[in-house]
Amino acid sequence: MNSLVRTKELYKDFDDVSAVDGVGFEVEKGEVFGFLGPNGAGKTTTVRMITGVLEPDSGEIWVNGKNVLQNPVEAKKEVGIAPEVSNVYGEMTGWQNLMFMGQLYDVPEDEREARGKDLLELFGLHDRRDDEVKGYSKGMKKRLVLAMALIHDPPLLFLDEPTSGLDVQSRRLIKERIRDMKRQGKTIFLTTHDIPVANELCDRVALINHGKIAVIDTPESLKGAMEETQSVEVRFEENPDFSDLEGLENVEKVEKDQNKFRIYTDTPVETQRSLLNFADEEDHRVTAIKTLGPSLEDAFVEFTGSDE
Amino acid sequence: MKIFSQLKKSLAIAKKNLRIYYMKGPVLIFGLLLPFFFFLSFWLGREMSPLMLGTALVGMAIWFTSTSISPVITPWETMTKTLERLISSPVGHGWILLGDILASATIGLIMTAVPLVLALILLDLAVFHPLVLTLVLILGSLCFSAVGVLISALPTDSPSDVMMLSSLVKFPLVFISGIFIPINELPGWGQIVSYFSPLTYFTNLVRWSFDGNVGFGTSQLLNLVILTALLILFSCLAVFAHKKALPKRL
């Protein structure tokens, strides 16, 4: 069996509201699996059920061949979790947090100390290991949470919004570590709102909405399914009237983003030509123009019916 | 082997709790200051025998200190979201609660050592049954901590909500458990309620261990058995209530 996570017909209601409605999917060993959906779509509830925090009303869940409902303790050992909220103990030092996690996951003392040192160095926290975590920055806490998720060297990692709210350096470091983990053969279940991150890191993504999986596919295939959503991005030295652009041939929709326009069309090459002609005739200088394919964000909006 | 592994994790959780919570406000206020002034208000201006006073001092100290952090831990961890981290780790929910009970009982025992020594020195008391007293102190601190953990099953992320509920339970029990007022002097309803209070059996046993006139007999055995049974009962109820409350906490 090559799947590391397998869920079948998962259902969960809260006070007669269906949070998860028949969710079933598999995550292959070694892949980065993105789990995307609008707020309240059922992402967190699904992840909580897979990680053994919540019991489903019905359904089946296996993690690395272990049945989460029948043998939760053994199944939880297969998983490392880095939640969106950095839920670390602020009154304890980074090192104490890490060692505490190691104890909860049955990591022998020698091994957890050696691995703890390596992880703190890997995530750039070694110099602050003896400081109380309440003095850490947001990025440092996120990195510590990732280190804590790895202390027992699990084959599967659940990362919830690992890059949200971080500065560029921390964001880059975390993305690089996720790529490293994939290279080491770890399976990563990535829950995120950050579509560019999902596009960049994920082998496959699942889009969930109203508690149901809308689609599961590779980012490229999802974008391919949106062929009609092509556009031309153009930047002028001095902006023309919005209505002039809308009036051009084959233009379906025009969006303005600061000093550039995104023009949706079925025929991007012809539209580029029309735009250049329009610029010549109206004496507007074009400073940049390019054709854009459909984005994962377009697919997200299309499949989830959300413009979040 | 699995039980041993889970027990080790309970001890790790207890150590973590001691590290984090021993200096929190509720320990100092509800565990030390309040019982101290409570004790003074009963002592000053009243004629009480050294045996009664010594028992009251030890009973008050262990009751309030053992129930000082156990009601706070779960709402606090709900608030800081660390509860979900514990629940998602390979530790059974009951074993997590055992860690809370052990931490709270340890604080209770350590903080009761001072009033116990004071009682022995200042009130000129002697311990005639040290082994039984040790066992009673351990059982009592565990049982009272379990009461605190049961109270903390209230599904809230606000420690002050639980402290309020906890005070509603803790203070009345002092009056109906034979600490300051002998149980046979209580009104009928008070005597009935006193049978449900673990503090009653603890107080009986501590008073007996300071009293050299009576040997270990059926009454003492019965008190020990009931205290143990209440420890098991409160622990089981706590596990049940916490499991039920968990979805509301997440």
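### Considering the overall build of chain B
Along its length, chain B carries 11 helices and zero strands. Here the C-alpha radius of gyration of chain B, 18 Å, is about what a compact globule of 250 residues would show, namely 18 Å. Residue burial in chain B is summarised as follows: out of 250 residues, 49% are buried. The contacts of chain B with a sequence gap of at least 6 include a subset with a gap of at least 24, amounting to 83%.

### Observations concerning the packing of helix α7 (residues 130-151) of chain B against helix α11 (residues 218-249) of chain B
Residues and elements named next belong to chain B. At a minimum axis distance of 8 Å, the contact between α7 and α11 shows a crossing angle of 25°. As far as their axial angle goes, α11 and α7 are roughly parallel. Remark: the crossing between α7 and α11 carries left-handed chirality. Contacts between α7 and α11 involve L139, G140, L142, C143, A146, V147, V149 and L150 from the former and L227, T228, L230, L231, F234, S235, L237, A238 and A241 from the latter.

### Focus on the environment of A:R204
Residues and elements named next belong to chain A. As for its position among the elements, R204 is in strand β9 (residues 204-209). Sequence separation between R204 and E31 is 173 residues; the distance between their C-alpha atoms is 7.7 Å. Discounting chain neighbours no more than four positions away, the residues touching R204 are E31, F33, I216, D217 and T218.

### So, the confidence of the model for chain A
Here chain A shows a mean pLDDT of 89. Residues at 70 or above account for 96%. The weakest mean pLDDT in chain A belongs to helix α11 (residues 296-304) of chain A at 73; the strongest belongs to helix α3 (residues 94-104) of chain A at 97.

### Some words on the sheet that holds strand β11 (residues 230-236) of chain A
Residue and element names in this part refer to chain A. With respect to topology, four strands assemble into an open sheet ordered β12-β13-β11-β14, the strand pairing being antiparallel. A single partner strand is all that each edge strand has here, and the edge strands are β12 (251-257) and β14 (286-292). On average, adjacent strands in this sheet sit at an angle of 20° to one another, irrespective of strand direction. Of the strands in this sheet, β11, β12, β13 (260-265) and β14 touch helix α10 (residues 268-282), which is tilted by about 20° from β11.

### Describing the environment of A:G30
Residue and element names in this part refer to chain A. Tracing the chain through its elements places G30 in the loop between β2 (17-28) and β3 (32-36). Judged by the 16 C-beta atoms lying within 10 Å of it, G30 is partly exposed. For the pair G30 and Q184, spaced 154 residues apart in the sequence, the C-alpha separation amounts to 8.4 Å. What G30 contacts, discounting residues up to four positions off in sequence, is G185 and T187.

### Focus on unusual backbone geometry
All names here are of chain A. Non-glycine residue E161 carries a positive phi angle of around 45°. Residue classification places E161 among the partly exposed positions, given that 18 C-beta atoms sit within 10 Å. In this model, N250 sits at a positive phi of 65°, which is unusual for a non-glycine residue. Counting through the fold element by element, N250 comes out in the loop between α9 (242-246) and β12. In this structure N250 comes out as partly exposed when scored by C-beta crowding, with 13 C-beta atoms within 10 Å.

### Concerning the domain arrangement of chain A
Domain boundaries assigned for chain A yield domain 1 (3-224) and domain 2 (230-292). Domain 1 of chain A and domain 2 of chain A are separated by 42 Å when their C-alpha centres are compared.

### What to know about the sheet that holds β2(A)
Across a sheet, strands are paired by hydrogen bonds formed along the backbone, either parallel or antiparallel in direction. Residue and element names in this part refer to chain A. If you walk across this open sheet you meet the four strands as β2-β1-β4-β5, and the pairing is antiparallel. Two strands lie at the open edges of the sheet, namely β2 and β5 (66-67), each paired on one side alone. Packing against the sheet, helix α1 (residues 43-50) makes contact with β1 (3-14), β2 and β4 (58-63), and its axis sits at approximately 120° to β1.

### Observations concerning the interface of chain B and chain A
Contact residues are listed per partner, giving 19 residues for chain B and 20 residues for chain A. Those elements giving two or more residues to the side of chain B that touches chain A turn out to be α1 (2-21) and α5 (82-88) of chain B. Here the side of chain B that touches chain A gets six residues from one element, more than from any other, and that element is α1(B). Of the residues contributing to the side of chain B that touches chain A, the split by class is seven nonpolar, six polar and six charged.

### Some words on the nonpolar core
Ranked by internal contacts, the top residues of the largest apolar core, which has 139 residues, are A:V63, A:A147, A:F189, A:L190, B:C143 and B:A146. Per-element accounting of this core gives the leading share, 12 residues, to helix α6 (residues 93-122) of chain B. Those residues within four positions of A:A147 in sequence are excluded, and the remaining contacts are A:L98, A:L119, A:L120, A:F123 and A:L125. Core analysis: the next-biggest nonpolar cluster, separate from the first, contains six residues, A:V232, A:V234, A:L245 and A:I263 among them.

### Points about the pairing of strand β10 (residues 212-217) of chain A
All names here are of chain A. Looking at chain direction, β9 and β10 are connected through five bridges and run antiparallel. Paired with N209 across the strands is K212, a residue of β10. Counted between consecutive antiparallel strands, the loop separating β9 from β10 contains two residues, among which H210 sits at a positive phi close to 50°.

### So, α11(B)
All names here are of chain B. Spanning 32 residues, α11 covers 45 Å between terminal C-alpha atoms, matching the ideal 46 Å at 1.5 Å per step. In the structure, α11 departs most strongly from a straight axis at K243, where the bend amounts to approximately 30° and where the proline P247 lies between one and four residues downstream. The inward-facing, buried residues of α11 abut α4 (70-79), α5, α6, α7 and α10 (198-209).

### Here we look at the confidence of the model for chain B
Detailed reading of the predicted coordinates is not advisable wherever pLDDT falls low. Residues and elements named next belong to chain B. For chain B, mean pLDDT is 90; residues scoring 70 or higher make up 98% of the total. Here helix α2 (residues 25-43) is the element of chain B with the lowest mean pLDDT, 73, and α7 is the one with the highest, 96. Scored as a complex, the prediction yields pTM 0.84 and ipTM 0.89.

### A few points about the packing of α6(B) against α7(B)
All names here are of chain B. Relative orientation of the contacting elements α6 and α7 amounts to 130°, with a least axis distance of 8 Å. When the axes of α6 and α7 are compared, the pair comes out oblique. The way α6 lies across α7 gives a crossing that is right-handed. Touching L97, D100, I101, S104, A105, G108, L109 and T112 of α6 are L137, S141, L142, F144, S145, A146, G148 and V149, all from α7.

Rules of the game
Residues numbered from 1 in each chain as written. Chains lettered and ligands numbered in written order. Predicted model: local features only at pLDDT ≥ 70, side-chain atom pairs only at ≥ 80, totals over all residues. Helix = DSSP H or I, 4+ residues; strand = E, 2+ residues; numbered from the N terminus. Rg over C-alpha atoms; globule rule 2.2 N^0.38 Å. Buried ≥ 20, exposed ≤ 12 C-beta atoms within 10 Å, placed from the backbone. Contact = placed C-beta atoms within 7 Å. Axes fitted to C-alpha atoms, helices over the stretch in contact; angles between N-to-C directions. Parallel < 35°, antiparallel > 145°, perpendicular 65-115°, else oblique. Left-handed = near helix turned anticlockwise from the far one by under 90°. pLDDT = per-residue confidence, 0-100. Pairing = 2+ DSSP bridges. Domains from an automatic or database assignment. Nonpolar A, V, L, I, M, F, W, Y, C, P; charged D, E, K, R; others polar. Core = buried A, V, L, I, M, F, W, Y, C linked by C-beta atoms within 7 Å. Expected span 1.5 Å × (residues − 1). Bend = angle between axes of the 7 residues up to and from the residue.

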